[in-house]
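# Examining the three-dimensional arrangement
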Amino acid sequence: MATKLPKTDIVLVGVGWVGGIIAAELTKKGYKVVGIERGKERSTEDYFMAHDELRYAERKEMMQDLSKETITFRHDMTKRALPYREWGSFLIGEGTGGSGEHWNGQTYRFLPYDFEIYSETVKRYGKGKIPKGMMLQDWGITYEELEPYFDKFDAMTGISGEANPLPDSPQIKYPNPPMLETPAIKLFKNAAKELGYHPYHMPSNNLSQSYTNPDGVSRGACQYCGFCERFGCEYGAKASPVVTVLPVAKETGNFEVRTHSVVRKVLHTNGKATGVLYVDIRTGEEFIQEADVVVVSAYQMNNIKLLLNSQLGRPYDPVTGTGVIGRNYAYQTILGTAVGFFDKEFNLYGGAGSLGAQIDDFNGDFFDHTDLDFLHGATIQITQLGDRPIANNQIPAGVPTWGKEFKDASVTNANRALIVKAQGASLPWQDNYIDLDPTYKDAFGDPLLRMTFNWKDQDRQLMKFMGEKSAEIMKKMGAKDIKINGLEVGDYDIRNYQSTHNTGGVIMGSDPETSALNSYLQMWDCENVFVPGASAFAQNSGYNPTGTVGALAYRAAEGIEKYLKTGGLLV
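A quick note: this is a predicted structure, and the numbers were derived from the prediction, not measured. Along every chain, residues carry numbers that run from 1 in the direction the sequence is written. Per-residue local features of the predicted model are confined to residues with pLDDT of at least 70, and side-chain atom pairs are confined, for both listing and counting, to 80 or more; whole-chain, interface and lining totals are unaffected and use all residues. The side-chain numbers reported here are obtained from all heavy atoms of the structure, hydrogens and water having been left aside.

## Some details on the pairing of strand β15 (residues 378-383)
Under the scheme applied here, a residue whose accessible area is under 20% of the maximum for its type counts as buried, over 50% as exposed, and between as partly exposed, the area being computed with a 1.4 Å probe on protein chains only. Helix and strand assignments follow DSSP, with helices taken as H or I runs no shorter than four residues and strands as E runs no shorter than two, numbered in order from the N terminus. For β15, the buried fraction is high: six of the six residues fall into the buried class. Covered by surrounding structure in β15 are A378, I380 and I382 together with T379, Q381 and T383, the residues of both alternating faces. Summarising the sheet, strand β14 (residues 356-359) and β15 pair through four bridges and their orientation is antiparallel. Residue I359 lies in a different strand from β15, and its bridge partner there is I380. The pairing criterion for strands is at least two bridges between them, as found by DSSP.

See the structure below:
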């Protein structure tokens, strides 16, 4: 029998960016917060000897253990899904800080268009522009309403960046100046300008200079060591929950984190949650943590799984398009790229996770889609992340991918190959969704999550368009040979890494019939459960999601405090 623990004000399921922000905001105001985290405790000291590409980048040291917890996958409803047993298309982290520890730090705000995508699309092109089966809907909140929360996240993390020169784009004043301009980035910017586009430095959560945030947390500048993506930062220069919000929450004395603990269910009765049931995976003991408010703050997919296994919210039905939990799953397109090979070297071994430049000219609705076979768009960018030796072996088209020719070409092109890539929005469809698998179960006997997803013609047309635009810029940069990707895309391939930017499944909106959450991330069906995070996105964008996740977490923290004072639905 589970041991019942003393009641607390708020219990968090997961202690990453979302859990950390809510813990910091509410413990400062005197509320007691308990965080339940499936992984281990992390600190900056854990990263002192972590420049080990094999251990962290290839063997995924910071990721969830797939032998105990995974998902199943299939391309469509006619197929049987099989378990995802080796990390590929996306990576789910665990441990305090979550994915906010091993991310790159590229930090954007979704566009005003993103939050009102249905209304804006209909207004400009008419309803007929939206293909049958595409599940576009507004978020129930506007960019202008979210702007103060974006500002708080930018100030807390200390974003380094410069204004976007594209007309009609949101003008943002960042707390720190942009990162360095390397020769490769300068080459990209000059080429894009010559083509009439509007390049700018990508907003970075790798600090360009020493910075003290409004909470009094001081951090040093980035060293450009090149170990960001899939690694923790030993300098604390890359913003993460461990070096920003979690110390603030702990300092109050009102925050307790319980690690190595997996929440199996949100307990509820008569439309209100009473707490959570969790297991200490070191001992197998079960506990019940009662709370006035439950915040489901894990990774996007784990949020969906917990709600479905808790029988909270109406499960989505892909046949009728009704129900809300598992609805509007969306991904990103990343296959429209151009690899350019040059005679000169660029010293690409140095870099940072968000060192780069981009154009937004073909993102969102900044360009006319009247004669195009897709909606939304992509950012087109160049990054200098720091080319580590195992993962980076660029070779021209036609060269074998093994043997002596491969090795010779890899050595020749090390530091001579640049990539211009497009990160685009893969929009939601009625038959791309998440539910519980009827066959496979996790280590505790609970059903695994099942992902049903494939590219649509919308995605394929978008990737082809962006691959050609990327090649246009690469040609202007002066590459002697260009390899274009994305021109012919088949089925979605879950085996190869593409993006960890999964979104949707517990989306926000203004109508309980088509959304699980209101604009404070409060469940329509259970007023004391809040579910911030990328699972709340009604659709994806051409940007990395963390800035928008952070803004929504601040919005949810405000909503939770309101709820604790007044009760009831906030909208």
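## Some words on the packing of helix α1 (residues 17-27) against helix α12 (residues 546-566)
At a minimum axis distance of 9 Å, the contact between α1 and α12 shows a crossing angle of 40 degrees. The element α1 and its partner α12 pack so that their crossing is right-handed. Facing W17, V18, I21, I22, E25 and L26 of α1, the residues of α12 in contact are T546, V549, G550, A553, Y554, A556, A557, I560 and E561. Of the residues contributing to the contact of α1 with α12, the split by class is 11 nonpolar, two polar and two charged. Axes here mean lines fitted to C-alpha atoms, for a helix over just the part in contact, with angles spanning 0 to 180 degrees between N-to-C directions. Two helices cross in a left-handed way if the nearer one is turned anticlockwise from the farther one by less than a right angle. They cross in a right-handed way if the turn is clockwise. Only heavy atoms matter for contacts: two residues are in contact if any of them lie within 4.5 Å across the pair. All amino acids are sorted into three groups, where Ala, Val, Leu, Ile, Met, Phe, Trp, Tyr, Cys and Pro are nonpolar, Asp, Glu, Lys and Arg are charged, and the leftover types, Gly among them, are polar.

## Concerning the environment of W17
Mapped onto the secondary structure, W17 falls in helix α1. Once the C-alpha coordinates of W17 and K407 are considered, the two residues, 390 residues apart in sequence, prove to be 41 Å apart. Dropping the residues within four chain positions of it, W17 is found in contact with G97, G100, W103, F153, M156, T157, A239, S240, P241, T244, V245 and T546.

## Thoughts on the sheet that holds strand β4 (residues 82-83)
Strands sit in the order β4-β3-β18-β17 across an open sheet of four strands; the sheet is mixed. Of all the strands in the sheet, just β4 and β17 (433-441) have a single pairing partner and so form its edges. Pairing geometry for strand β3 (residues 71-74) and strand β18 (residues 447-452), over four bridges, is parallel. Bridge pairing links T72 to R450 in β18. On top of the sheet, helix α9 (residues 300-309) reaches β3, β17 and β18; it is set at about 125 degrees to β18, its chief contact.

## Notes on the pattern of salt bridges
For salt bridges, the criterion is a side-chain nitrogen of Lys or Arg within 4 Å of an Asp or Glu carboxyl oxygen. Counted according to the given criterion, the structure contains 35 salt bridges. Between D154 and R109 there is a salt bridge, with the nearest N and O atoms lying 2.7 Å from each other. Here R109 lies in the loop between α3 (99-102) and α4 (112-115) and D154 lies in helix α6 (residues 143-157), a separation of 45 residues in the sequence. With respect to class, D154 is no different from R109; both count as buried.

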